[in-house]
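# Topology and contacts: notes
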Amino acid sequence: MADAARIFTITLNPAIDHTVRVAALVPGEVHRAQGDQREAGGKGVGVAAVLAALGVPVTATGWLGADNDAVFADAFAARGIVDAMLRLPGATRTNIKIADASRGDSTDINLPGLALAPDALARAEAGLLAALAERVRPGDWCELAGSLPPGADAGVWERIARALHAQGAHIAIDTGGAVLLQLLKDLADPARGAAVPVAFIKPNRAELEELAGRALPALADVAAAARSLCQEHGVRQLAVSLGGEGAVIATAQGCWHAAAPRVPVATTVGAGDALVAGTLAALSQGQAMPGAATFGMACAAARIQRIAPGLPPRPEVDALAAAITARPI
């Protein structure tokens, strides 16, 4: 097999994730925390951390507030992630995550992020495009990850995606809501230029329902909507995360359902990032669907078993992957 392509994560609205652990979250009550931790966060940053844990070369790019970037710089250095984040004036936001031990889930309170004036936003975009032009080579994988800061719209992602496609990179998108729908439409719109194929996306069920414009209560409904994205929006492959139901995996050639392995759940924080990272790791090494996505599911199953960020040793992840079967639907 040829050497694995490099992976770049692009995060425009990162956050310092402040996770507070409680025995049980009861709205309106005073709680005594069991502990807390602060981590460098944001979808692309989380994906980069899992990729680094898997031993995959990864570069984190995007925008950081210069006033409080130390938590990110330290995390990148400790994990072996190449730090190519552009520093902007101001402070990166803090997101609060309340981890409920009794339920095995978390409640998130996300702040909006750095607000950039139009001229500052234009300078930040130009600087990022220049940095990517210097680093990205044909065949590399680039993940457009997370939300946009105040003042930015889907056009920022579109211009980045078009520039990366012109450089020969594979484009993965892990953002949601109206921004994802607008971005997919714009990248496929001939009136806006040549179509830009999207190599991979990972919506959850709610995000896919928003893309489809209808409820998707059954697996067959999810599969039909996933196939439609491949056929109508130029998405080459996707994994639709369904929580405890596993995932629906689709390409233009087929559609599969993979059940989630049964594992103890300590937290759901980071599960989506782990699924994306594992899938991108496998795709960058030449593995095809559905196997690439089932490896991503194994990374997610490994991640949710521990409160602390990171993954267990690779043999444990591989054992989980071996236990996941993707069946055609």
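Residues numbered from 1 in each chain as written. Predicted model: local features only at pLDDT ≥ 70, side-chain atom pairs only at ≥ 80, totals over all residues. Heavy atoms only, no water.

On to helix H3 (residues 118–135). A rise of 1.5 Å per residue sets the reference length of H3, with its 18 residues, at 26 Å; its end C-alpha atoms lie 26 Å apart and thus fit the reference within 8%. Along H3, the residues classified as buried are Leu121, Ala124, Glu125, Leu128 and Leu132. In a view along the axis of H3, the buried residues occupy a sector of 100 degrees, so they form one face of it. Opposite the buried face of H3, at more than 90 degrees from it, the exposed residues are Arg123 and Glu134. Buried positions along H3 lie against strand S1 (7–11), strand S4 (58–65), strand S5 (82–88) and helix H4 (154–166). (Helix = DSSP H or I, 4+ residues; strand = E, 2+ residues; numbered from the N terminus. Expected span 1.5 Å × (residues − 1). Buried < 20%, exposed > 50% of the residue type's maximum accessible area, 1.4 Å probe, protein only. Arc of directions from axis to C-beta. Contact = heavy atoms within 4.5 Å.)

What follows covers the nonpolar core. By size, the foremost hydrophobic cluster in this structure holds 55 residues, and its most contacted members are Leu51, Leu54, Trp141, Phe200 and Leu280. Those elements that place two or more of their residues in this core are helix H1 (43–53), S4, helix H2 (70–79), strand S12 (247–251), strand S13 (255–258), helix H8 (271–284), helix H9 (291–303) and helix H10 (314–322). Excluding residues that lie within four positions of it along the chain, Trp141 makes contacts with Ala5, Arg6, Ile7, Phe8, His170, Ala199, Phe200, Gln237, Leu280, Leu283 and Ser284. With 49 residues, the next largest nonpolar core counts Trp157, Leu181, Ala223 and Ala250 among its residues. (Core = buried A, V, L, I, M, F, W, Y, C linked by side-chain atoms within 4.5 Å.)

Another aspect to go through is the pattern of salt bridges. In the structure shown here, the tally under the stated rule is 15 salt bridges. With a shortest N-O distance of 2.8 Å, Arg87 and Asp69 are connected by a salt bridge. Taken as a pair, Arg87 in strand S5 and Asp69 in the loop between S4 and H2 lie far apart in primary sequence, 18 residues in all. Since its relative accessible area comes to 31%, Arg87 is described here as partly exposed. Shared partners join several salt bridges into a network, and the residues in it are Glu158, Arg162, Asp186 and Arg192. (Salt bridge = Lys/Arg side-chain N within 4 Å of Asp/Glu carboxyl O.)

On inspection of all chains with the given rule, the structure shows one cavity of 30 Å³ or more. Around the largest cavity sit Leu12, Asn13, Pro14, Trp63, Leu64, Gly65, Leu88, Thr92, Arg93, Gly113, Leu114 and Pro149, which together line it. When residues of the lining of the largest cavity are assigned to their parent elements, the largest contribution, three residues, is made by S4. Split into classes, the residues belonging to the lining of the largest cavity amount to seven nonpolar, four polar and one charged. (1 Å grid on protein atoms, 1.4 Å probe; cavity = no way out; pocket = protein on both sides within 12 Å on 5 of 7 lines; lining within 4 Å. Points joined across faces, edges and corners; volume = space filled by probe spheres on them. Nonpolar A, V, L, I, M, F, W, Y, C, P; charged D, E, K, R; others polar.)

Moving on, we come to the sheet that holds strand S2 (residues 15–22). Judged by pairing direction, the sheet is mixed, and its four strands sit side by side in the order S3-S2-S6-S7 without closing on themselves. Of all strands in the sheet, those bounded by a partner on one side alone are strand S3 (35–41) and strand S7 (105–109). Ignoring which end each strand starts from, the neighbouring axes of this sheet average 25 degrees apart. Pairing geometry for strand S6 (residues 93–100) and S7, over five bridges, is antiparallel. Across the sheet, residue Ile98 finds its bridge partner in S7, namely Thr107. Seen against the sheet, H2 touches S2 and S3 and runs at an angle of roughly 80 degrees to S3. (Pairing = 2+ DSSP bridges. Axes fitted to C-alpha atoms, helices over the stretch in contact; angles between N-to-C directions.)

Our focus in this paragraph is the UniProt feature "domain: Carbohydrate kinase PfkB" (unreviewed entry) in the protein chain. Under the present numbering, the feature "domain: Carbohydrate kinase PfkB" (unreviewed entry) in UniProt falls on residues 12–310. Measuring from the first to the last C-alpha atom of residues 12–310 gives 22 Å, for a span that is 38% helix and 23% strand. (UniProt positions renumbered as here; feature names shortened; annotations may be inferred.)

Counting buried positions along S4 gives eight out of eight residues, so the element sits mostly inside the fold. Pairing between S1 and S4: five bridges, direction parallel. Of the residues in S4, the one forming a bridge with Phe8 is Thr59. In this view, the connection linking S4 to its parallel neighbour S5 by way of H2 has right-handed handedness. (Right-handed = clockwise from strand over helix to strand, strands pointing away.)

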